[in-house]
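# Coordinate inspection notes
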Amino acid sequence: MAVEMIVTNAKVLTMDAGRPRAEAVAVAGGKIVAVGSAAEVASLAGPETRVIDAGGRTLLPGFVESHLHLVLGGNELVQLQIGGVHGFEALKAAFEAYAVQYPSNALLMAQGASYEILDAPVTRADLDRVIADRPIAMMSPDHHTVWANTAALAAAGLLHGAAMPHGHEVVMAADGTASGELREFEAFGPILALGGEAHLQLGIATGGEPTPWPSDAVRAKDKEKIAAGLAHCAAHGITSMVNMDGNRYTCQLLREMKDEGRLTARVKVPFHFKPHMELSELERASAMTAEYNDDWVSSGFVKMFMDGVVDSRTAFMLNDYPGTTERGEPLFEPERFKAICAEIDRRGLQIAVHAIGDGAVRTTIDGYEAAGQANGLRDMRHRIEHIELIARSDIPRLGALGITASVQPPHPPGAMDFPMSTMETVFDRDRWVDAYLWKSLADQGAPLAFASDWPVTDVSVMRGLQAAMTRVPYEGAKDERVSLMDSLYAYTAGGAWAAHMESITGKLVVGLAADLVLIEGDIEAIDSGDLGKTGIALTIAGGNITHQGVGLAA
Ligand SMILES: [Zn+2]
């Protein structure tokens, strides 16, 4: 086959132990056909071959984003961004400018509201002083809390409270009306629905499908949002991603985009199993897996949430939160969870569970262990998402059971954008040593996959890598960083393995997809504090250029 493209004069880091370093890669038919020295690969060039001189830049396998929310992220790119905003005046100014820009939006929605955005807990009265005559709301960076003004609460039917499933809460004020704070998806779903995008939230909220099935016009608009999200990810070097919410509708939009030539990354989409569902609903997971099963759009796994988040104290802990008698609760009854895991595993599907508190992590491991006992321990690669706190005695259980630690370098407070204050308020001092472990888990055998959880944090892999390499140990804790190469592995081959995609992508070896990312400069020579501002020169997915930075001559 004629070689279509050669990237040469690069520092090639293949992530393949057999040949870790090279200078050039050749591409044909969307696959890697040669990896070698510049001279070896140059000999394969024909008259039609496009030769890209990397100028000594670093060539890596395209990044595998192991935990993000593509549809939600794309949708949010057009909403008000208040990530750096602090204080009432700044908040009011931001909303007022946005309101002028979007005079007819039924809901003015802001993203990235810090839990400390005002100096006291935010109330609907605060937000009424921002804007009173239109529904407005703002989402916390972790996407587990929304604050809404009175107009929004009234329009959504929440002003006088609402019955909520376990773990979800319309917080009530002393006067018997909603305070303005809404905890977890089911509580703020009615607010988001005001914006006319409820059908895009189903993958995370209920795991259900939109009814009626969205029209061509609605799907076209939805695909525009996904396209915005994909372009944003391509600009950060991402060529594969594990979407951590989902339904068949998400798969279908992606397949249509694939057929339209607009899908710039491989996407895995789970079936989202909720606590109230019957085991028989897993038939939908098996059906999705059978229907979407190619190199670009696939399912094959089931996502569940075992708990919430630390900031709202909905993460399920083994001990009480400091200064309280609360420890959160598991969202699944543990014995039933074991039966659910056994059934998913029996169907040959992978399991991914959001577990943040040490109680949730233990309950999840127990479920996976029970699945292994029921069906025999096979190569299922069940995974735990986040693991913000873990009991010491549970650390070796991940490695022993083959459980992937799917962790997010941007998440530890103080590591990137999240404030250290979280550590002070929600983790006991004597447990800081067990918080956000990466190296300890890896050293005891757990495979690592790194991710951002975008739009919870910035999707930038290079910023995440900087956070991974510069993280300072918490008081009394060990250094939990892994090496630069191990971090890069967790963002590439490790992520591919954890997603059962290692026969498609994740390494630069002959026969795998031509999924490549070219980083500005020599990544091993860049000061770790500068990794985050290091640009992406080129992203290639399946042999097609999906992003080209300004630095690289064409
Ligand atoms: Zn997530």
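Notes on the structure follow. (Residues numbered from 1 in each chain as written. Predicted model: local features only at pLDDT ≥ 70, side-chain atom pairs only at ≥ 80, totals over all residues. Heavy atoms only, no water.)

Now for the overall build of the chain. Secondary structure summary: the chain contains 18 helices and 26 strands in total. The C-alpha radius of gyration computed for the chain amounts to 23 Å, which stays within 12% of the reference 24 Å derived for 554 residues, consistent with globular compactness. Each of the three principal axes of the chain carries a C-alpha extent, and together these read 80 × 55 × 50 Å. Going through the 554 residues of the chain one by one, you find that 58% of them count as buried. For the chain, the share of sequence-separated contacts (at least 6 apart) that also reach a separation of at least 24 residues comes to 72%. Looking at the chain as shown, the accessible area adds up to about 20000 Å², and 54% of this sits on carbon and sulfur atoms. For the chain, the distance from the average position of its 45 positive side-chain charges to the average position of its 71 negative side-chain charges is 3 Å. (Helix = DSSP H or I, 4+ residues; strand = E, 2+ residues; numbered from the N terminus. Rg over C-alpha atoms; globule rule 2.2 N^0.38 Å. Buried < 20%, exposed > 50% of the residue type's maximum accessible area, 1.4 Å probe, protein only. Contact = heavy atoms within 4.5 Å. Areas by Shrake-Rupley, 256 points an atom, 1.4 Å probe, with all protein chains shown as cover. Lys, Arg positive; Asp, Glu negative; His and termini not counted. Charge placed at Lys NZ, Arg CZ, Asp CG, Glu CD.)

Another aspect to go through is the sheet that holds strand S11 (residues 136-139). Read across the open sheet, the six strands follow the order S9-S10-S11-S12-S14-S13; overall the sheet is mixed. Only two strands of the sheet have a single partner each, and these edge strands are strand S9 (80-81) and strand S13 (169-172). Pairing of strand S12 (residues 145-148) with strand S14 (residues 178-183), which is carried by three bridges, proceeds in the antiparallel orientation. Across the sheet, Trp-147 pairs through a bridge with Glu-181, a residue of S14. (Pairing = 2+ DSSP bridges.)

Following the sequence through the fold, His-143 ends up in the loop between S11 and S12. Within the local environment of His-143, its side chain forms a polar contact with the backbone oxygen of Pro-141, the two atoms lying 2.9 Å apart. Beyond its immediate sequence surroundings of up to four residues, His-143 is in contact with Glu-76, Gln-111, Phe-185, Phe-188, Pro-455 and Val-456. (Polar contact = N/O pair within 3.5 Å; in protein donor to acceptor, adjacent residues only side chain to side chain.)

As judged from the four bridges shared by strand S20 (residues 350-355) and strand S21 (residues 383-386), these two strands associate in the parallel manner. By the bridge assignment for S21, His-354 is matched with Glu-385. Across three bridges, S21 lies against strand S22 (residues 404-407) in parallel orientation. By the bridge assignment for S22, Ile-384 is matched with Ala-405.

Reference values for angles at a metal are 109.5 degrees in the four-donor tetrahedral case and 90 or 180 degrees in the six-donor octahedral case. Within the protein, the atoms that donate to the zinc ion are His-67 (NE2), His-69 (NE2) and Asp-453 (OD), at distances of 2.1 to 2.2 Å. Mapping the donors of the zinc ion onto the primary sequence yields the spacing H-x1-H-x383-D. By the burial criterion, His-67 is buried, and His-69 matches it. (Donors = N, O, S within 2.8 Å, 3.2 Å for Na, K, Ca; no water.)

The tally for this structure, following the rule as stated, stands at 13 aromatic pairs. Counting every residue linked through ring pairs, the aromatic cluster contains Phe-63, Trp-438, Phe-450 and Tyr-491. Above the plane of the ring of Phe-88 lies Arg-129, whose end atom (NZ or CZ) is 4.3 Å from the centre. Here the guanidinium or amino end of Arg-266 rests over the ring plane of Trp-296, the centre of that ring lying 4.1 Å away. (Phe/Tyr/Trp six-rings, centres within 6.5 Å; stacked < 30°, edge-to-face > 60°. Lys NZ or Arg CZ within 6 Å of the ring centre and 35° of its normal.)

The next point concerns helix H12 (residues 358-375). Because each turn of an α-helix spans 3.6 residues, side chains separated by three or four positions in sequence point in the same direction. The first and last C-alpha atoms of H12 sit 26 Å apart over 18 residues, in line with the 26 Å expected at 1.5 Å per residue. Of all the positions in H12, only Asp-358, Gly-359, Ala-360, Val-361, Thr-363, Thr-364, Ile-365, Gly-367, Tyr-368, Ala-370, Ala-371 and Gly-372 are classed as buried. (Expected span 1.5 Å × (residues − 1).)

Take the packing of helix H11 (residues 334-346) against H12 next. Between two packed helices, the angle of one axis relative to the other and the distance separating the axes together describe the packing. Packing of H11 against H12 brings their axes to within 8 Å, and their N-to-C directions diverge by 50°. With respect to each other, H11 and H12 are oriented oblique. By crossing handedness, the relation of H11 to H12 is classed as right-handed. Across the interface between the two elements, Pro-334, Phe-337, Lys-338, Cys-341, Ala-342, Asp-345 and Arg-346 from H11 touch Thr-363, Thr-364, Asp-366, Gly-367, Tyr-368, Ala-370, Ala-371, Ala-374 and Asn-375 from H12. Among the residues making up the contact of H11 with H12, the classes are represented as eight nonpolar, four polar and four charged. (Axes fitted to C-alpha atoms, helices over the stretch in contact; angles between N-to-C directions. Parallel < 35°, antiparallel > 145°, perpendicular 65-115°, else oblique. Left-handed = near helix turned anticlockwise from the far one by under 90°. Nonpolar A, V, L, I, M, F, W, Y, C, P; charged D, E, K, R; others polar.)

Here we take up the sheet that holds strand S2 (residues 11-13). Ordered by their spatial adjacency, six strands build an open sheet running S3-S2-S7-S24-S25-S26, and the pairing between neighbours is mixed. Of all strands in the sheet, those bounded by a partner on one side alone are strand S3 (21-22) and strand S26 (544-548). Two elements, strand S7 (residues 58-61) and strand S24 (residues 516-519), share four bridges in a ladder whose sense is antiparallel. Each bridged residue has a counterpart across the sheet, and for Thr-58 the counterpart in S24 is Ile-519.

Relative to the 18 Å expected for 13 residues at 1.5 Å per residue, H11 spans 18 Å between its end C-alpha atoms, a close match to the ideal helical length. The secondary structure elements touched by the buried residues of H11 are helix H10 (282-291), strand S19 (301-305), S20 and H12. Measuring from the backbone nitrogen of Glu-335 back to the side-chain oxygen at the start of H11 gives 3.2 Å, which picks out Glu-333 as the cap. One or two steps after H11, the chain reaches Gly-348, where phi turns positive at roughly 80°.

Turning to the state of the cysteines, a few remarks are in order. A covalent bond bridging the sulfur atoms of two cysteines is what the word disulfide describes. Tallying each qualifying case throughout the model produces zero disulfides. Of all cysteine sulfurs, the one in Cys-233 lies closest to Cys-251, which takes part in no disulfide; the gap is 17 Å. (Disulfide = S-S within 2.5 Å.)

Time to look at the nonpolar core. Counting 82 residues, the largest nonpolar core has Phe-63, Met-304 and Leu-398 as the members making the most contacts within it. Those residues within four positions of Leu-398 in sequence are excluded, and the remaining contacts are Ile-365, Ile-384, Ile-387, Ile-390, Ile-403, Thr-404, Ala-405, Leu-441 and Ala-446. Ala-156, Ala-178, Ala-187 and Phe-188 belong to the second largest nonpolar core, which has 22 residues in total. (Core = buried A, V, L, I, M, F, W, Y, C linked by side-chain atoms within 4.5 Å.)

At a minimum axis distance of 10 Å, the contact between helix H6 (residues 185-194) and helix H7 (residues 198-205) shows a crossing angle of 170°. Our classification of the angle between H6 and H7 gives roughly antiparallel. Residues Phe-185, Glu-186, Leu-192 and Ala-193 of H6 pack against Ala-198, Gln-201, Ile-204 and Ala-205 of H7. Grouping the constituent residues of the contact of H6 with H7 by class yields six nonpolar, one polar and one charged.

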